[in-house]
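Architecture and fold: a report
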Amino acid sequence: MIGDMRNDRKTRPAILFLCLGNICRSPLAEGAARAAFADAGIDATLDSAGTGDWHVGRPPDARAQAEARRRGADIGDLRARQLTRDDFYRFDLILAADDTNLRDARAIAPADATARLRLMLDLVRGREGDSVADPYYGDEGGFGVTWDDVSAVAAALVTDASASSG
């Protein structure tokens, strides 16, 4: 996963988490990954973005921030941004929350892109092909389900990074 990246960042993986508006799923994934990588003592470049532009510059949804805080992560400093062509060179791995965002990312990926594109939950055994739960239109409880999804992804990334560096 991380260890077989084409560019030489095995000691410092660079991972971008992607969803639609970059205010719920992808900032939660970034927060979960930041916490998991820090707990494991692994240095990584972690970021998040959205395929849409309507939330650019805004902080994560207040419910996402509350769930992250409840789980011991602070994502309040994050600001939504849109996926760019440069991201396909800056990151080793771009992980999309669902098939729609994966398709949209593939549509703008340069032909010579160095980043690999995958679904987030493809990294979690038994969840391959699944979408990360989108909590935006639901109640606060949905954010807990999303955190559980992205925490499983973060754990898989840390396990892989640990194996790649050892």
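Everything quoted here is computed from the prediction, not taken from an experiment.

Let's shift gears to the overall build of the protein chain. Broken down by element type, the protein chain carries five helices and four strands. Written out in order from the N terminus, the α and β elements of the protein chain read β-α-β-α-α-β-α-β-α. Over its C-alpha atoms the protein chain spans a radius of gyration of 14 Å, differing by no more than 12% from the 15 Å that the globule rule assigns to 166 residues. Considering only C-alpha atoms, the protein chain reaches an extent of 40 × 35 × 30 Å along its principal axes. Residue burial in the protein chain is summarised as follows: out of 166 residues, 50% are buried. Considering only contacts within the protein chain whose residues lie at least 6 apart along the sequence, 70% involve residues at least 24 apart. Summing over all exposed atoms, the protein chain offers an accessible surface of approximately 7600 Å²; the carbon and sulfur share of this is 47%. A gap of 2 Å separates the mean positions of the 21 positive and 27 negative side-chain charges of the protein chain.

Next up on the list: unusual backbone geometry. A negative phi holds for most residues other than glycine; trans holds for most peptide bonds. With phi around 65 degrees, Asn22 is a residue other than glycine that occupies positive phi space. Residue Asn22 is classed as buried on the basis of its relative accessible area, which comes to 2%.

What follows deals with the layout of surface pockets. The method is simple in principle: a probe with the dimensions of a water molecule rolls over the atoms, and the space it marks as empty is what remains. In this structure, the largest pocket encloses a volume near 170 Å³. As for the largest pocket, its lining consists of Cys19, Leu20, Gly21, Asn22, Ile23, Cys24, Arg25, Trp54, His55, Asp134, Tyr136 and Tyr137. Across the lining of the largest pocket, the residue classes tally to seven nonpolar, three polar and two charged.

So, about the pairing of strand β4 (residues 116–119). In β4, alternate side chains face the same way, and those of Leu117 and Leu119 are buried while those of Arg116 and Arg118 on the opposite face are not. In this fold, strand β3 (residues 93–96) hands off to helix α4 (residues 99–108), which returns the chain to β4; that crossover is right-handed.

Spacing of three or four residues puts side chains on the same side of an α-helix, whose turn is 3.6 residues. When α4 is considered as a whole, its buried residues turn out to be Asn101, Leu102 and Ala105. Across the axial projection of α4, the buried residues extend over an arc of 105 degrees, all falling on one side. The outward face of α4, more than 90 degrees from its buried face, is lined by the exposed residues Arg103, Arg106 and Ala107. Its buried side turned inward, α4 meets β1 (14–19), α1 (25–40), α3 (87–90), β3 and β4. Near the N-terminus of α4, the side chain that reaches the backbone nitrogen of Thr100, with its oxygen 3.1 Å away, is that of Asp98.

One pass over the structure, following the stated rule, counts 16 salt bridges. In this structure, the salt-bridge partner of Arg90 is Asp87, at a minimum N-O distance of 3.2 Å. With Arg90 and Asp87 both in helix α3 and three residues apart, this pair spans about one turn of that helix. For Asp87, a relative accessible area of 0% gives the class buried.

Cut-offs used in this document
- Residues numbered from 1 in each chain as written.
- Predicted model: local features only at pLDDT ≥ 70, side-chain atom pairs only at ≥ 80, totals over all residues.
- Heavy atoms only, no water.
- Helix = DSSP H or I, 4+ residues; strand = E, 2+ residues; numbered from the N terminus.
- Rg over C-alpha atoms; globule rule 2.2 N^0.38 Å.
- Buried < 20%, exposed > 50% of the residue type's maximum accessible area, 1.4 Å probe, protein only.
- Contact = heavy atoms within 4.5 Å.
- Areas by Shrake-Rupley, 256 points an atom, 1.4 Å probe, with all protein chains shown as cover.
- Lys, Arg positive; Asp, Glu negative; His and termini not counted.
- Charge placed at Lys NZ, Arg CZ, Asp CG, Glu CD.
- 1 Å grid on protein atoms, 1.4 Å probe; cavity = no way out; pocket = protein on both sides within 12 Å on 5 of 7 lines; lining within 4 Å.
- Points joined across faces, edges and corners; volume = space filled by probe spheres on them.
- Nonpolar A, V, L, I, M, F, W, Y, C, P; charged D, E, K, R; others polar.
- Right-handed = clockwise from strand over helix to strand, strands pointing away.
- Arc of directions from axis to C-beta.
- Polar contact = N/O pair within 3.5 Å; in protein donor to acceptor, adjacent residues only side chain to side chain.
- Salt bridge = Lys/Arg side-chain N within 4 Å of Asp/Glu carboxyl O.

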